[in-house]
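# Fold and geometry: a report
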Amino acid sequence: MTDAPRLPRHIGIIMDGNGRWARQRGLPRTEGHRAGIQTIRPVMEAADAAGVHHLTLYAFSTENWSRPREEVAALMQLFEETLQREVDELHATGVRIRVIGRQDQLPNHLQTVVAAAEELTRDNTQGFLNVALNYGGRAEIIDAVRQLARAGVDLRTVDEATLEGALYTAGSPDPDLIVRTAGELRTSNFLIWQAAYAELHVTETLWPDFGGRDLEAALADYAARVRRFGGVPNPR
Ligand code: IPE
Ligand code: IPE
Ligand code: MG
């Protein structure tokens, strides 16, 4: 199959532009992050309404530790509060939550909330929400190789399926579409293995201003793409 199915199965979102949003309003960056959190629910609802049941949200990268200490602390606090506040409702709607990234480097409080959310929602199958927290695509590949080595796998025989099975996202379909807000034309270490053949949709809209309509626009853009996977397009 070379033509795109009309709907992505899995969308990855690089939620960028919170700082710029705050700056435009003369607010501290953390207010941009607070506003950005509010965008998540309408976007999830729009994805679900459209029939997309796998979503991966890039919330904090392995590189984001280089930000000012107060900003990092505010973000960690916000992740903890938000996860704690939203988990019951997500569970009620049948969403499975997974946090992908190096969890052991997160603050202890946050690790506890993450573990509880993952445990509570582990058997849900209506929707799949991956939150990329202290996530880096390179770190993920390194972690996968180490895990295989620890498991005694003969690394000389590793193939793509074996490596994929050891990634944080094992069991999820690859993202068909990566959306980036705030205009930068780069992937910033997000799902670098899984998104090898993803379609990219970049919008100038800053994350706190993004909404269900913008997600629908991204889906329309995706539906018009011709995916070739290295082959030739099917005649329509
Ligand atoms: C994205 O917004 C949120 C995180 C990376 C945590 P930014 O904080 O990167 O916003 P800009 O890019 O400075 O506008
Ligand atoms: C990417 O945004 C990471 C997240 C959205 C969490 P950044 O703002 O960190 O990306 P760069 O630094 O512009 O590449
Ligand atoms: Mg940014």
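You'll find the structure just up there.
Here goes a summary of the coordinates provided. (Residues numbered from 1 in each chain as written. Chains lettered and ligands numbered in written order. Predicted model: local features only at pLDDT ≥ 70, side-chain atom pairs only at ≥ 80, totals over all residues. Heavy atoms only, no water.)

Attention shifts here to the side chain of Arg 180. Considering the arrangement of structural elements, one finds Arg 180 in strand β5 (residues 177-180). Here Arg 180 falls in the buried class, since its relative accessible area comes to 6%. Reaching out from Arg 180, the side chain makes a polar contact with the backbone oxygen of Arg 186 at a distance of 2.7 Å. Every residue in contact with Arg 180, bar those within four places of it in the chain, is listed here: Ile 14, Asp 16, Arg 186, Thr 187, Ser 188, His 201, Val 202 and Thr 203. (Helix = DSSP H or I, 4+ residues; strand = E, 2+ residues; numbered from the N terminus. Buried < 20%, exposed > 50% of the residue type's maximum accessible area, 1.4 Å probe, protein only. Polar contact = N/O pair within 3.5 Å; in protein donor to acceptor, adjacent residues only side chain to side chain. Contact = heavy atoms within 4.5 Å.)

A separate point is the side chain of Ser 61. Examined against the element boundaries, Ser 61 turns out to sit in strand β2 (residues 54-61). Judged by relative accessible area, which is 6%, Ser 61 ranks as buried.

Met 15, Asp 16, Gly 17, Asn 18, Gly 19, Arg 20, Arg 29, His 33, Ala 59, Asn 64, Arg 67 and Leu 75 make up every residue found near ligand 1. Here an oxygen atom of ligand 1 and a backbone polar atom of Asn 18 are 3.1 Å apart. The separation between an oxygen atom of ligand 1 and a polar side-chain atom of Arg 29 is 2.8 Å. Elements with a minimum of two residues in the shell around ligand 1: α1 (18-24) and α2 (29-50). For the shell around ligand 1, the element with the most residues is α1, which contributes 3 residues. Its residues placed into classes, the shell around ligand 1 shows 3 nonpolar, 5 polar and 4 charged. (Near = heavy atom within 4 Å. Nonpolar A, V, L, I, M, F, W, Y, C, P; charged D, E, K, R; others polar.)

Residues in contact with ligand 2, as listed here, are Ile 14, Met 15, Asp 16, Tyr 58, Ala 59, Phe 60, Asn 64, Arg 67, Arg 180, Arg 186 and Ser 188. In the environment of ligand 2, an oxygen atom lies 2.6 Å from a nitrogen or oxygen atom belonging to the side chain of Ser 188. Considering ligand 2 on its own, with 390 Å² of exposed area, one finds that the protein chains cover 79% of that surface. Considering each element in turn, the shell around ligand 2 owes the most residues, 3 residues, to β2. (Areas by Shrake-Rupley, 256 points an atom, 1.4 Å probe, with all protein chains shown as cover.)

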